[in-house]
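# Architecture at a glance
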Amino acid sequence: MKILILGSGQVGSTIAQELASMPNHDVTIIDTNENALQSINGRLDVQTLTGNGASPVMLERAGAHDTDMLLALTRSDETNLAACRLAADLFNIPQRIARVRSSDYLEYGMTQQHKQDEEHHLSGSLNAFAVTDSIHPEQLVTQHLAGLLNYVRALQVLPFAHEKVRMVIAQAKEGDWIVGQTPLNVGMMLPETSDCQICAIYRNTRLIVPTPDTQIEEGDEICFAVDAAHMSSVMYVLFDFKQNNHRVMIAGGGNIGYRLAKQLENKFNIKIIENNPNRAEWLAENLDNTLILHGSATDESLLEREYIDEIDVFCAITNDDENNIMAGLLAKNLGAKRVISLINRARYVDLLTGNQIDIVVSPHHITIGSVLAHIRRGDIAAVYPLRHGTAEAIEVIVHGDKSTSSLVGRRVDEIKWPHGCHIATIVRGDEVIMGRRHEVILQDGDHIVFFVARRRVLRELEKLIQVKMGFFA
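Computed from a predicted structure; not experimentally measured. (Residues numbered from 1 in each chain as written. Predicted model: local features only at pLDDT ≥ 70, side-chain atom pairs only at ≥ 80, totals over all residues. Heavy atoms only, no water.)

### Concerning the sheet that holds strand E18 (residues 380-385)
Sheet architecture is open: five strands sit in the order E18-E19-E22-E20-E21, paired in antiparallel fashion. Of all strands in the sheet, those bounded by a partner on one side alone are E18 and strand E21 (431-434). Taken pair by pair, the neighbouring strands of this sheet meet at an average axis angle of 15°, ignoring direction. Pairing between strand E20 (residues 421-428) and E21: four bridges, direction antiparallel. (Pairing = 2+ DSSP bridges. Helix = DSSP H or I, 4+ residues; strand = E, 2+ residues; numbered from the N terminus. Axes fitted to C-alpha atoms, helices over the stretch in contact; angles between N-to-C directions.)

Shown next as structure tokens:
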């Protein structure tokens, strides 16, 4: 494919690196930052151009006339959307994917269509810009945080197959039933109706792909797939998790803080700390059951007055990494049971993961996973980098029949899977089948969720899931 990327920031450069590692991809990057492009040129075999990605002259210079895909990933929504419109009208680029940060484009569509189905209105509101697919970082981060707040013992909660399956990472602590057990024991303990599949264990950041006899130790981070309908019961057995009415404090009342509170305020007791008086007043007018506090999240006296030691989850999600770090550390020191901090800088994410801050959420990692789902070969529905970035969870949909597919019509144990690639679950309609069921025969339309321990085998997996040309005849 010939792919044109607008923006050489963390998301754009990471996607370029991913594409450059794949064969038969011709990648060009446009950005106004010449220094950033020089850095990319020194690392990757890609072409770079300095200029405005929303300029028709610049798009033409980049070879837009015969480009297969445009990835508009700059920090400017207007640049991304204008580029998609030009790509469609002037250059007929078939796939045009835009990163859209502002909620204005989404909320306008929601108002006009009377809040119809969310996915429908999100894509429909961008039709005016000829966007074929859109990536919404704020929405993705809000969904990710909501999953963490609903299951406070979880370090990561990832949805698959239209929310039918979740992949969860949770840490085994003293007193949890799972400590000292093996995956075989876990399978025998849980009833078939609420089974789970243990995919990996992170022990001191080292990835272990478990055998049935691997013993789980205190401090291990357990990655497992579970039927979403039975997640609470599985978490209760394995990690002594009880779904209580949690007390949540959010530092930062921006778009993510507001959306998160709006989504969960009828379920949890929520307080928001907002430093901007005008924004605090707006939040008070637009949220029904959330307490709004005007002040700084790093004000020790304010946190103590608001009984920080009784808070179940403290979320630091302002636009400032340093503020989120300091607020999270202060809240933890003052007695908050669990702390989540939103961190944009990749170096900070690496430094903080596994330390005093319980969960470090990287918007860029979440966004990158969403972009990768669009550019990987085959019918890939979702891609998520896992907690320490050494592995991925991937959802694919298999198509065809025994003559046109290497998978359909074959037993799971008959297929030569790439080394390091393991089936977590198979979703067939409303049925969730755990990956250990090797006798299952794959069918057209099955959703398969894979745990991929070694990212370099992804090309082998992509080849395996593609259908032969006869399928399209």
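### Comments concerning the state of the cysteines
For the structure on display, the rule yields zero disulfides. In this model Cys-199 remains outside any disulfide bridge; the closest cysteine sulfur is found in Cys-223, 4.9 Å from its own. Judged by its relative accessible area of 7%, Cys-199 is buried. (Disulfide = S-S within 2.5 Å. Buried < 20%, exposed > 50% of the residue type's maximum accessible area, 1.4 Å probe, protein only.)

### Let's talk about the packing of helix H7 (residues 137-150) against helix H10 (residues 255-264)
In the contact formed by H7 and H10, the axes pass within 9 Å of each other and the chain directions differ by 45°. Classed by the angle they form, the pair H7 and H10 counts as oblique. At the point where H7 passes H10, the crossing takes the right-handed sense. Of H10, the residues touching H7 (which contributes Glu-138, Gln-139, Val-141, Thr-142, Leu-145, Ala-146, Leu-149 and Asn-150) are Asn-255, Ile-256, Arg-259, Leu-260, Gln-263 and Leu-264. Residues that form the contact of H7 with H10 fall into these classes: seven nonpolar, five polar and two charged. (Parallel < 35°, antiparallel > 145°, perpendicular 65-115°, else oblique. Left-handed = near helix turned anticlockwise from the far one by under 90°. Contact = heavy atoms within 4.5 Å. Nonpolar A, V, L, I, M, F, W, Y, C, P; charged D, E, K, R; others polar.)

### Looking at the packing of aromatic side chains
Given two aromatic rings, their pairing is described by the distance between the two centres and the angle made by the two planes. Scanning the model with the defined rule gives four aromatic pairs in all. An angle of 90° between the planes, with centres 5.2 Å apart, marks the rings of Phe-160 and Tyr-384 as edge-to-face. Taken together, the residues span a long stretch of sequence, with Phe-160 in strand E7 (residues 154-160) and Tyr-384 in strand E18 at a distance of 224 residues. The exposure class of Phe-160 is buried, given its relative accessible area of 1%. Centre to centre, the rings of Phe-224 and Phe-239 are 6.0 Å apart; their planes meet at 25°, and the pair counts as stacked. One end of the pair, Phe-224, is in strand E11 (residues 221-227); the other, Phe-239, is in helix H9 (residues 231-239), and 15 residues separate them in sequence. (Phe/Tyr/Trp six-rings, centres within 6.5 Å; stacked < 30°, edge-to-face > 60°.)

### Thoughts on the environment of Thr-142
Looking at the element boundaries, Thr-142 is found in helix H7. Thr-142 sits in the buried class, given a relative accessible area of 4%. Sequence separation between Thr-142 and Arg-259 is 117 residues; the distance between their C-alpha atoms is 6.8 Å. For Thr-142, the contacting residues outside a window of four places in its chain are Ile-256, Arg-259, Leu-260 and Gln-263.

### Some details on the pairing of strand E15 (residues 313-316)
Going residue by residue along E15, you find Val-313 and Cys-315 tucked away on one face and Phe-314 and Ala-316 tucked away on the opposite face as well. Sheet analysis places strand E12 (residues 247-251) next to E15, joined by four bridges and oriented parallel. Its bridge partner lying in E15, Ala-251 is registered against Ala-316. Relative to strand E16 (residues 338-342), E15 is paired through four bridges, and the arrangement is parallel. When the bridges of E16 are listed, Ala-316 appears paired with Ser-341. For the handedness criterion, the β-α-β arrangement of E15, helix H13 (residues 321-333) and E16 is classed as right-handed. (Right-handed = clockwise from strand over helix to strand, strands pointing away.)

### A short note on the side chain of Asn-150
Residue placement: Asn-150 occurs in helix H7. Residue Asn-150 is classed as buried on the basis of its relative accessible area of 15%. At 2.7 Å, the side chain of Asn-150 and the side chain of Lys-267 are in polar contact. (Polar contact = N/O pair within 3.5 Å; in protein donor to acceptor, adjacent residues only side chain to side chain.)

### Points about the sheet that holds E7
Here we have five strands laid out as an open sheet, ordered E7-E8-E11-E9-E10, and antiparallel in their pairing. In this open sheet, the two strands that pair with only one neighbour each are E7 and strand E10 (206-208). Strand after strand, the sheet turns through a mean of 20° between neighbouring axes, direction not considered. Together, E7, strand E8 (165-171), strand E9 (196-203) and E11 form the strand contacts of H9, whose direction differs from that of E11 by roughly 150°.

### A word on the confidence of the model for the protein chain
Here the protein chain averages 86 in pLDDT, while 89% of its residues score no lower than 70. In the model, residues 111-123 has pLDDT below 50 throughout and makes 11 contacts with residues more than four positions away in sequence or in other chains. Contacts of residues 469-473 to residues separated by more than four positions or lying in other chains number five contacts, the stretch itself having pLDDT below 50. (pLDDT = per-residue confidence, 0-100.)

### What to know about the packing of H7 against helix H15 (residues 363-375)
Two numbers describe how H7 lies on H15: the axes approach to 9 Å, and their chain directions differ by 110°. One way to sum up the angle between H7 and H15 is to call them roughly perpendicular. Between H7 and H15, the contacting residues are Pro-137, Leu-140, Val-141 and His-144 on the first element and Pro-363, Ile-366, Thr-367 and Ser-370 on the second. Considered class by class, the residues forming the contact of H7 with H15 number five nonpolar, three polar and no charged.

### Concerning the nonpolar core
By size, the foremost hydrophobic cluster in this structure holds 122 residues, and its most contacted members are Ile-5, Ile-15, Leu-71, Met-167, Phe-224 and Leu-386. Setting aside chain neighbours within four positions, we find Ile-5 in contact with Gly-12, Ile-15, Ala-16, Leu-19, Val-27, Thr-28, Ile-29, Ile-30, Leu-71 and Leu-73. (Core = buried A, V, L, I, M, F, W, Y, C linked by side-chain atoms within 4.5 Å.)

### Description of the environment of Glu-460
Here Glu-460 lies in helix H16 (residues 458-465). Taking C-alpha positions, Glu-460 is 9.7 Å from Cys-421, a pair spaced 39 residues apart along the chain.

### Observations concerning the pairing of strand E14 (residues 290-294)
By the bridge criterion, five bridges tie strand E13 (residues 269-274) to E14 in an arrangement that is parallel. Paired with Ile-272 across the strands is Ile-292, a residue of E14.

### Regarding the pattern of salt bridges
One pass over the structure, following the stated rule, counts 13 salt bridges. Between Arg-411 and Asp-413 there is a salt bridge; the shortest N-O distance is 2.7 Å. Residue classification places Arg-411 among the partly exposed residues on the basis of a relative accessible area of 31%. The class of Asp-413 is partly exposed, set by a relative accessible area of 42%. The partner of Arg-428 in a salt bridge is Asp-446, with the nearest N and O atoms 2.7 Å apart. Here Asp-446 lies in the loop between E21 and strand E22 (447-452) and Arg-428 lies in strand E20, a separation of 18 residues in the sequence. Asp-446 matches Arg-428 in its accessibility class, with the two residues each being buried. Shared partners join several salt bridges into a network, and the residues in it are Arg-203, Glu-217 and Asp-220. (Salt bridge = Lys/Arg side-chain N within 4 Å of Asp/Glu carboxyl O.)

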